[in-house]
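Okay, here's what each chain looks like letter by letter:
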Amino acid sequence: MAEFKNSVIFEVSDYFQEFSSYSKTLFEPFSILENRDDGMPPHFQVYSCLISDSDEKELVFSKIKTLTHLFFGTLRLIASRSPFGGIKDYKNFLVKNVLIDNVPIPLPLFDEVPFYNFVDIGKTNNYDDNSGYLLHKIIDRCLMDVDIFNILLISSDRFDYIDMYKIYEILKKSCPKNILDSYKADLDRFTCSANNFTATGFASRHANY
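Residues numbered from 1 in each chain as written. Predicted model: local features only at pLDDT ≥ 70, side-chain atom pairs only at ≥ 80, totals over all residues. Heavy atoms only, no water.

## Quick notes on the packing of helix H5 (residues 146–155) against helix H6 (residues 161–174)
It is the contact of H5 with H6, at a shortest axis distance of 9 Å, that shows an interaxial angle of 170°. Classified by the angle their axes make, H5 and H6 are roughly antiparallel. Residues Asp147, Asn150, Ile151, Ile154 and Ser155 of H5 pack against Asp163, Lys166, Ile167, Ile170, Leu171, Lys173 and Ser174 of H6. Class assignment of the residues belonging to the contact of H5 with H6 gives a composition of five nonpolar, three polar and four charged. (Axes fitted to C-alpha atoms, helices over the stretch in contact; angles between N-to-C directions. Helix = DSSP H or I, 4+ residues; strand = E, 2+ residues; numbered from the N terminus. Parallel < 35°, antiparallel > 145°, perpendicular 65-115°, else oblique. Contact = heavy atoms within 4.5 Å. Nonpolar A, V, L, I, M, F, W, Y, C, P; charged D, E, K, R; others polar.)

## Description of the nonpolar core
If you look at the biggest cluster of nonpolar residues, it comprises 29 residues, and the most contacted ones within it are Ile64, Leu70, Phe71, Val98, Phe118, Cys142 and Phe149. Residue assignment for this core shows that the elements contributing at least two residues are helix H2 (57–77), strand E4 (94–100), helix H4 (134–142) and H5. When residues in this core are grouped by element, the largest group, seven residues, is from H2. Excluding anything up to four places from it in sequence, Phe118 contacts Leu50, Lys63, Thr66, Leu67, Leu70, Leu143 and Phe149. (Core = buried A, V, L, I, M, F, W, Y, C linked by side-chain atoms within 4.5 Å. Buried < 20%, exposed > 50% of the residue type's maximum accessible area, 1.4 Å probe, protein only.)

## Considering the packing of aromatic side chains
Within this structure, the stated rule accounts for six aromatic pairs. For the ring pair Phe61 and Phe110, a centre distance of 5.9 Å and an interplane angle of 85° mean the geometry is edge-to-face. On the criterion of sequence distance, the pair formed by Phe61 in helix H2 and Phe110 in the loop between strand E5 (103–104) and helix H3 (119–123) is long-range, its members being 49 residues apart. Taking relative accessible area as the criterion, Phe110 reaches 17% and is therefore assigned buried. Between Tyr168 and Phe190, the aromatic rings sit 5.9 Å apart at their centres with planes inclined by 65°, giving edge-to-face as the arrangement. Placement of Tyr168 in helix H6 and of Phe190 in helix H8 (residues 184–194) is noted, with a sequence separation of 22 residues between them. Given the relative accessible area of 17%, Phe190 is considered buried. A network of ring pairs unites the aromatic residues Tyr161, Tyr165, Tyr168 and Phe190 as a single cluster. Just above the ring of Tyr116 sits the side chain of Lys63; from NZ or CZ to the centre is 5.2 Å. Here the guanidinium or amino end of Lys65 rests over the ring plane of Phe115, the centre of that ring lying 4.6 Å away. (Phe/Tyr/Trp six-rings, centres within 6.5 Å; stacked < 30°, edge-to-face > 60°. Lys NZ or Arg CZ within 6 Å of the ring centre and 35° of its normal.)

## Points about the packing of H2 against H5
Between H2 and H5, whose axes approach to 7 Å, the crossing angle comes to 80°. Our classification of the angle between H2 and H5 gives roughly perpendicular. Contact residues: H2 offers Thr66, His69, Leu70, Gly73, Thr74, Arg76 and Leu77, while H5 offers Phe149, Ile151, Leu152, Leu153 and Ser155. Grouping the amino acids of the contact of H2 with H5 by side-chain chemistry returns six nonpolar, five polar and one charged.

## Things to note about H8
Looking at H8, one finds that the buried residues are Phe190, Thr191 and Ala194. With its buried residues spanning 95° around the axis, H8 presents them on a single face. Its buried side turned inward, H8 meets H6 and helix H9 (197–200). (Arc of directions from axis to C-beta.)

## Some remarks on the pattern of salt bridges
Following the criterion strictly, the structure yields six salt bridges and no others. Between Asp147 and Lys173 there is a salt bridge whose closest N-O contact spans 3.1 Å. Here the residue Asp147 occupies a position in helix H5, and Lys173 occupies one in helix H6, the gap between them amounting to 26 residues. Here Asp147 falls in the buried class, since its relative accessible area comes to 16%. (Salt bridge = Lys/Arg side-chain N within 4 Å of Asp/Glu carboxyl O.)

## What about the pairing of E4?
Pairing between E4 and E5: two bridges, direction antiparallel. Residue Leu99 lies in a different strand from E5, and its bridge partner there is Pro104. Hairpin geometry of E4 and E5 is characterised by an intervening segment of two residues between the two adjacent antiparallel strands and by a positive phi of about 55° at Asp101. (Pairing = 2+ DSSP bridges.)

Next up, the structure:
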């Protein structure tokens, strides 16, 4: 077993191929290592330099939850540009185990664990990632940009019209006008659907039109 501190083991039975490709490169701040212990099915440990061995357990859990959601949200956003399938095919990850100094610790109910804001920490680090993975570049960037950080967290949820409209509102505020104008027809169609009770039911924005 790897000698990483504060490592996280995921249940990723549906993701072996994808995680295997990422585990071949050391990526900061999110490094994935495939484990093949004798007598155990393959599983993956995830290590982050953003989790310190001096962190309190509550903080460790908060950072773990946030990192896994950032990773999952990024996977969803790049699904159409990667060989990993469509957005609907991704299920959220289950944290199977957390070890501190290679000692397992009791897990909390992660639904009740708060998210942790990595943006200020990320600004003080300079990651040199040459893997070429779009996923890596997006996660690097989100540690320096609170809008991208929030978009990834939103994308890790249900990703329905409610979630997509939250992302749209962030983009309206942060994107240059010329970029928004170039997608005006697409955005008009999206907002029309998102605001239409007939199309989206109670997930709609209930606009008059």
